Amino acid sequence: MQKIKDLFSEKFVDNEIETRGWIYRWRESGKIIFIILRDSTGIIQVTVSKDMVGEEDFNSAKSAGIESSVIVSGILKRDERAPGGFEVLAKKFVLVGKSLNFPITKDKSDEFLLDMRHLWLRSREMTAILKIRSTVFEFLHDFFKREGYYEVQAPMFVSSAVEGGSTLFEVPYFGRKAYLTQSSQFYLETFIFSLENVYTVAPSFRAEKSRTRRHLTEFWHCEAEVAWIGNDEMMKIEERMIMHILDGVLKNNKEELILLKRDISKLEDITLPFNRMEYADIIKLGKDVGLDLDYGSDLGADEEYAITQKFEKPTFVIHFPKEIKPFYHRPDPQNPSVVLNHDLLAPEGYGEIIGGGERIFDLDELLQRIKEERLNPEDYSWYIDLRKYGSVPHSGFGLGIDRLVWWIAGLEHIKYAVPYPRNVRRLVP
Ligand code: 4AD
Ligand code: MG
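Residues numbered from 1 in each chain as written. Chains lettered and ligands numbered in written order. Predicted model: local features only at pLDDT ≥ 70, side-chain atom pairs only at ≥ 80, totals over all residues. Heavy atoms only, no water.

Colleague: Honestly, the site of ligand 1 in this entry has me stumped. Any pointers?
Modeller: Looking at ligand 1, there are 20 residues lining it, with Glu 163, Gln 185, Glu 223, Glu 352 and Ile 353 nearest. Arg 359 places a side-chain nitrogen or oxygen 2.9 Å from an oxygen atom of ligand 1. Here Arg 403 contributes a side-chain N or O atom positioned 3.5 Å from a nitrogen atom of ligand 1. A total of 610 Å² of accessible area belongs to ligand 1 in isolation, and the protein chains cover 94% of it. (Near = heavy atom within 4 Å. Polar contact = N/O pair within 3.5 Å; in protein donor to acceptor, adjacent residues only side chain to side chain. Areas by Shrake-Rupley, 256 points an atom, 1.4 Å probe, with all protein chains shown as cover.)

Spelled out as structure tokens, the structure:
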């Protein structure tokens, strides 16, 4: 049994082969049925003629609809007219799972394809995206393994907010209130006292009502936390991580990027170091491109789109005003009105893919910020504890993995980067 991709080889020409997959295209022309067969590795033309396969198999091929699963054996031939230059002349055609009236036909609406995601995953576009996504996860783990991190797991049911109360998902929890986690950061901070360098790959949840090209209510979050380092070192780690993943995708998924019509040169041209820009300068730049921004404005999807459209590499934005960032960010001792943080903005209009920075490690400073933000210290008692028993300077970040896939694959909307996207309206399939 050969995988379809392996058939594209001179060594099989005029030899017997056997392969299996799903019917991608079907066409009858006189006494011959032309099938394009698809498996996880590619597509190939299969020609079924009554003379070669006999009446019974020919009738099977005739009745098999689009997306039927089949096993074919026959002879591999060179044929310049066939896609990829090879075809299989079937000698045996076995219908394994019939498919009648496959609901996805040409020119269906985006909403319809989302309703049919469980079947649309078979499309060549989704297959390409899923392969790129798989590489991204693989190289993410590979990066942390190479750099000596421990992988840890945090709970998804939590009792308080990390990134502000407005996007918390509340869930009933045996007569109490629980929330779905917005970020594993605070738990990651607890691990550094034993493991020093840790990371996790897990879902995070945000009750995000805004409908943008980049927001999901459930997204995959890679978060890392490192003892004894500051914001600058953290950014260097992230640069290496992003480059490692980019290299991995460029090495393993050229074919998929081409199928998705991604301008690959834009990814190949990215080199280290990434750019660094002060928040204050980003605001100036935003004004220059016509945005209505003031110092102190937060940057949303539209603003970042306009700002990063002409960027050619990822850009770290540093030193945000403390008022527009969560309480845990460490104010800069040189200028306490800004924090030692960074957002990493992807180029070509994609915008934020990472948020991170240095954490407050001094007990009094943390209590002060919690008070300023009018939060209840009791909600953060264990987090505060970490500043009481051997606190250390430390930094971390959170990478939106779906956003990374969205940018690398050059997709229009984040919903294409995820097999089963979740937003305000979508819970099925
Ligand atoms: O910037 P955020 O909110 O930062 C945190 O959650 C920190 N606690 C992370 C940390 O330092 N450990 O989220 C981090 C990243 C964003 O940059 C974005 O890529 C992604 O998570 N993200 C989302 N992705 C898809 N849909 C959403 N609604 C997202 N919200 C955040
Ligand atoms: Mg952020």
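Colleague: I keep staring at the layout of surface pockets and nothing clicks. Help me out?
Modeller: Space left empty within the atom packing is revealed by a probe, the size of a water molecule, rolled over the atoms. The space that makes up the largest pocket amounts to roughly 1,100 Å³. Lining the largest pocket are 47 residues; nearest its centre among them are Glu 163, Arg 206, Lys 325, Pro 326 and Glu 352. Of the residues that constitute the lining of the largest pocket, the class distribution is 17 nonpolar, 15 polar and 15 charged. Around the second largest pocket, the lining is made up of 30 residues, and of these Tyr 24, Trp 120, Ser 123, Arg 124 and Glu 125 lie nearest the centre. Only strand 1 (16-29), helix 2 (110-115), helix 3 (117-120) and helix 4 (124-146) provide two or more residues apiece to the lining of the second largest pocket. By residue number, the principal contributor to the lining of the second largest pocket is helix 4, which donates four residues. Taken together, the residues of the lining of the second largest pocket break down into 15 nonpolar, three polar and 12 charged. (1 Å grid on protein atoms, 1.4 Å probe; cavity = no way out; pocket = protein on both sides within 12 Å on 5 of 7 lines; lining within 4 Å. Points joined across faces, edges and corners; volume = space filled by probe spheres on them. Nonpolar A, V, L, I, M, F, W, Y, C, P; charged D, E, K, R; others polar. Helix = DSSP H or I, 4+ residues; strand = E, 2+ residues; numbered from the N terminus.)

Colleague: Explain the sheet that holds strand 8 (residues 169-173) here, please?
Modeller: Sheet strands line up and pair through hydrogen bonds in the backbone, either parallel or antiparallel. With antiparallel pairing, the three strands of this open sheet are ordered in space as 7-9-8. Here the strands that pair on one side only, and so sit at the sheet edges, are strand 7 (157-158) and strand 8. Here strand 7 runs beside strand 9 (residues 176-180); their pairing, made up of two bridges, is antiparallel. The residue of strand 9 that forms the bridge with Val 158 is Tyr 179. (Pairing = 2+ DSSP bridges.)

Colleague: Can you help me understand helix 13 (residues 401-408) in this one?
Modeller: Since the α-helix turns once every 3.6 residues, residues separated by three or four places project in the same direction. Counting buried positions along helix 13 gives eight out of eight residues, so the element sits mostly inside the fold. Among all positions in helix 13, only Ile 401, Asp 402, Arg 403, Leu 404, Val 405, Trp 406, Trp 407 and Ile 408 are buried. Where helix 13 ends, the next residue or the one after it, Gly 410, has phi of about 70°, a positive value. (Buried < 20%, exposed > 50% of the residue type's maximum accessible area, 1.4 Å probe, protein only.)

Colleague: What's the story with the environment of Asp 6 in this structure? I'm lost.
Modeller: Relative to the elements of secondary structure, Asp 6 occurs in the segment before strand 1. Distance in space between the C-alpha atoms of Asp 6 and Gly 42 is 9.2 Å, their sequence separation being 36 residues.

Colleague: Got a minute to help me understand the pattern of salt bridges in this structure?
Modeller: A side chain of one charge can pair with a side chain of the opposite charge when the charged atoms of the two come close. The full count for this structure, using the stated rule, is 30 salt bridges. Arg 78 is paired through a salt bridge with Glu 80; the nearest N and O atoms lie 3.6 Å apart. A relative accessible area of 43% places Arg 78 in the partly exposed class. Among the ionic pairs, Asp 110 bridges to Lys 415, the shortest N-O distance being 2.9 Å. On the criterion of sequence distance, the pair formed by Asp 110 in helix 2 and Lys 415 in the segment after helix 13 is long-range, its members being 305 residues apart. Via salt bridges that share partners, Lys 322, Arg 369, Glu 372 and Glu 373 belong to a single interconnected network. (Salt bridge = Lys/Arg side-chain N within 4 Å of Asp/Glu carboxyl O.)

Colleague: How should the packing of aromatic side chains be read in this particular structure?
Modeller: The geometry of two aromatic rings is summed up by the distance between their centres and the angle between their planes. Inspection of the entire model under this criterion finds 19 aromatic pairs. When the centroid spacing of 4.3 Å and the interplanar angle of 10° are considered together, the rings of Phe 144 and Tyr 199 count as stacked. Here Phe 144 is found in helix 4, whereas its partner Tyr 199 is found in strand 10 (residues 197-205), with 55 residues between them in sequence. Grouping residues by exposure puts Phe 144 and Tyr 199 together as buried. Ring geometry for Phe 186 against Phe 327: centres 5.9 Å apart, planes inclined by 65°, an arrangement best described as edge-to-face. Of this pair, Phe 186 sits in helix 5 (residues 185-195) while Phe 327 sits in the loop between strand 13 (315-318) and strand 14 (331-332), and the two are 141 residues apart along the sequence. Note on accessibility: Phe 186 and Phe 327 belong to one class, buried. One aromatic cluster in this structure is built from Phe 186, Phe 327, Tyr 328, Tyr 380 and Tyr 383. Cation over ring: Arg 25 sits above Tyr 24, and NZ or CZ is 4.3 Å from the ring centre. Lying over the aromatic face of Tyr 383, Arg 387 brings its terminal NZ or CZ to 4.2 Å of the ring centre. (Phe/Tyr/Trp six-rings, centres within 6.5 Å; stacked < 30°, edge-to-face > 60°. Lys NZ or Arg CZ within 6 Å of the ring centre and 35° of its normal.)

Colleague: Would you take a moment to explain the nonpolar core for this structure?
Modeller: Considering soluble globular proteins, one finds that nonpolar side chains tend to be buried as a cluster. One finds Phe 144, Met 241, Ile 242, Leu 399, Trp 407 and Ile 408 to be the most contacted residues of the largest nonpolar core, which totals 56 residues. Among all residues touching Ile 408, those that are not within four sequence positions of it are Ile 132, Val 136, Ile 245, Leu 246, Val 249, Leu 257, Arg 262 and Leu 267. Listed in part, the 23 residues of the second largest apolar core include Ile 17, Phe 58, Ala 61 and Phe 86. (Core = buried A, V, L, I, M, F, W, Y, C linked by side-chain atoms within 4.5 Å. Contact = heavy atoms within 4.5 Å.)

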